[in-house]
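Take a look at the letters that make up each chain.
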Number of protein chains: 2
Amino acid sequence: MTSGSPDAAADGTRWLDAEEQKAWRAYLFSSMLLQDRLDRELTHSTGISHAYYEILVALSETPGRSMRMSELADRCLSSRSRLSHAVSRLEERGWVRRQTCPEDGRGQLAVLTDEGFEALDAAAHVHVESVRTHLFDQLSPEQIASMRDVGETLLRHLGPR
Amino acid sequence: MTSGSPDAAADGTRWLDAEEQKAWRAYLFSSMLLQDRLDRELTHSTGISHAYYEILVALSETPGRSMRMSELADRCLSSRSRLSHAVSRLEERGWVRRQTCPEDGRGQLAVLTDEGFEALDAAAHVHVESVRTHLFDQLSPEQIASMRDVGETLLRHLGPR
DNA sequence: AGAGCGTAGTTGAAGGCTTGACTATTCCGC
DNA sequence: GCGGAATAGTCAAGCCTTCAACTACGCTCT
């Protein structure tokens, strides 16, 4: 919807003016295209989607290579249900296994297996190279700094759900 | 994967250093959270997902409120198959109808109905207000300008598939 | 005219995600 | 320690997306 007035209209809606529209669309489309591109390159050359990759990364970065399901879900910006399904599929591939949590009988630990670590290692090369090619190689140091600044500002607002 | 060296390692992979990691994650997580938030607010208060919204917007901005399927797919960053399914569902709701293209017998035109336009009109208020609240209200004019600049730079690289 | 090729769009099956309901376990106040 | 509330995780149904055919039409060369 392109609508007339730059600020609050008669109906109270604060429509976007033409410049704001352009800024918003450039941001939206670029982030969608970038995510799409990275996900496809990763999926096609390793068989691991970006969502699964994030799970493996999170586990690999933790001492013991294991994490509670809920914590893992939070880190991966995933719902619990989605994570549960994803871990089941990773388990089928032999990359992760479940283990009941010693401290809390309700809890489950997702543990990265050695096979999982190897798969991640292979995927990491591909993924990092993609991020460099499509993001860092395209931007100046100043642009990278602004990108981070904008990202962090938005995170402070969006982070606490 | 957090890996040691800042630049090209022995294996040739140009790993990200700690600062690059932070910049990349801030960008990725903020754009994911933002899209998720906007989509949820729109879906919950209007029953229209962001993907459908984009389709309706594209149609509404065109003279005749109609567009060829392929062109529509491109504008919505959608595959043809995905768009075809989506239009079928919008058709069931009575918001869009299909019409064979006069100039090219192979082609189909998606046409926005009056009901579709009304639904879009209602949704637009909600969506624009969300974008303001979660994006523009959070950023300074300088940040907005950088966001646009970064987005446009990335688009020039990613746009031509 | 007709063969062959490219383009436009659709379809169906397979798999992923979301929602909401459900089970199991722990925590807390008495 | 016991009953109720809260928390952790799973599961099933339904929707969405993807992939790979598949149909239908137009274009070109002979």
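Check the entry above for the structure.
Residues numbered from 1 in each chain as written. Chains lettered and ligands numbered in written order. Predicted model: local features only at pLDDT ≥ 70, side-chain atom pairs only at ≥ 80, totals over all residues. Heavy atoms only, no water.

S.K.: Give a detailed account of the relation of the copies chain A and chain B, specifying residues and quantitative values.
M.R.: Once turned by 180 degrees and shifted 0.0 Å along the axis, chain A lies on chain B with an RMSD of 0.0 Å. Taken together, these values place the two copies in the relation of a two-fold axis. The overlap is high: 100% of the interface residues of chain A also sit at the interface in chain B, so the same surface is used on both sides. (Least-squares fit on C-alpha atoms with pLDDT ≥ 70 in both. Contact = heavy atoms within 4.5 Å.)

S.K.: Before we move on, can you summarise the protein's contact with DNA strand C with the specific residues and values?
M.R.: Residues in contact with DNA strand C amount to 22 residues; listed here are only the nearest, S81, G105 and R106 of chain A together with S70 and R98 of chain B. A share of 74% of the atoms of DNA strand C within 4 Å of the protein falls on sugar and phosphate groups. Here a base nitrogen of DNA strand C and a side-chain polar atom of R106 of chain B are 3.2 Å apart. Q108 of chain B has a polar backbone atom sitting 3.2 Å from a phosphate oxygen of DNA strand C. If you list the elements that add at least two residues to the surface near DNA strand C, you get α4 (80-92) of chain A together with α1 (18-46), α3 (69-75) and α4 (80-92) of chain B. The residue inventory of the surface near DNA strand C, partitioned by class, reads two nonpolar, 11 polar and nine charged. (Near = heavy atom within 4 Å. Polar contact = N/O pair within 3.5 Å; in protein donor to acceptor, adjacent residues only side chain to side chain. Helix = DSSP H or I, 4+ residues; strand = E, 2+ residues; numbered from the N terminus. Nonpolar A, V, L, I, M, F, W, Y, C, P; charged D, E, K, R; others polar.)

S.K.: So, the sheet that holds strand β3 (residues 108-112) of chain B: which residues are in play, and what are the values?
M.R.: Residue and element names in this part refer to chain B. What the three strands build is an open sheet, ordered β1-β3-β2; its pairing is antiparallel. Looking at which strands have only one partner, the edges of the open sheet turn out to be β1 (66-68) and β2 (96-100). On average, adjacent strands in this sheet sit at an angle of 30 degrees to one another, irrespective of strand direction. Along the sheet, helix α2 (residues 50-60) makes contact with β1, β2 and β3, crossing β3 at roughly 95 degrees. (Pairing = 2+ DSSP bridges. Axes fitted to C-alpha atoms, helices over the stretch in contact; angles between N-to-C directions.)

S.K.: Could you give an account of the protein's contact with DNA strand D, naming the residues involved and the relevant values?
M.R.: For DNA strand D, the set of nearby residues contains 22 residues, the closest of which are S70, S84 and R98 of chain A together with S81 and R89 of chain B. Backbone atoms, meaning sugar and phosphate, form 80% of the atoms of DNA strand D found within 4 Å of the protein. In this structure, a phosphate oxygen belonging to DNA strand D sits 2.4 Å away from a side-chain N or O atom of R98 of chain A. One of the backbone nitrogen or oxygen atoms of Q108 of chain A is found 2.9 Å away from a phosphate oxygen of DNA strand D. The set of elements that each furnish at least two residues to the surface near DNA strand D consists of α1 (18-46), α3 (69-75) and α4 of chain A together with α4 of chain B.

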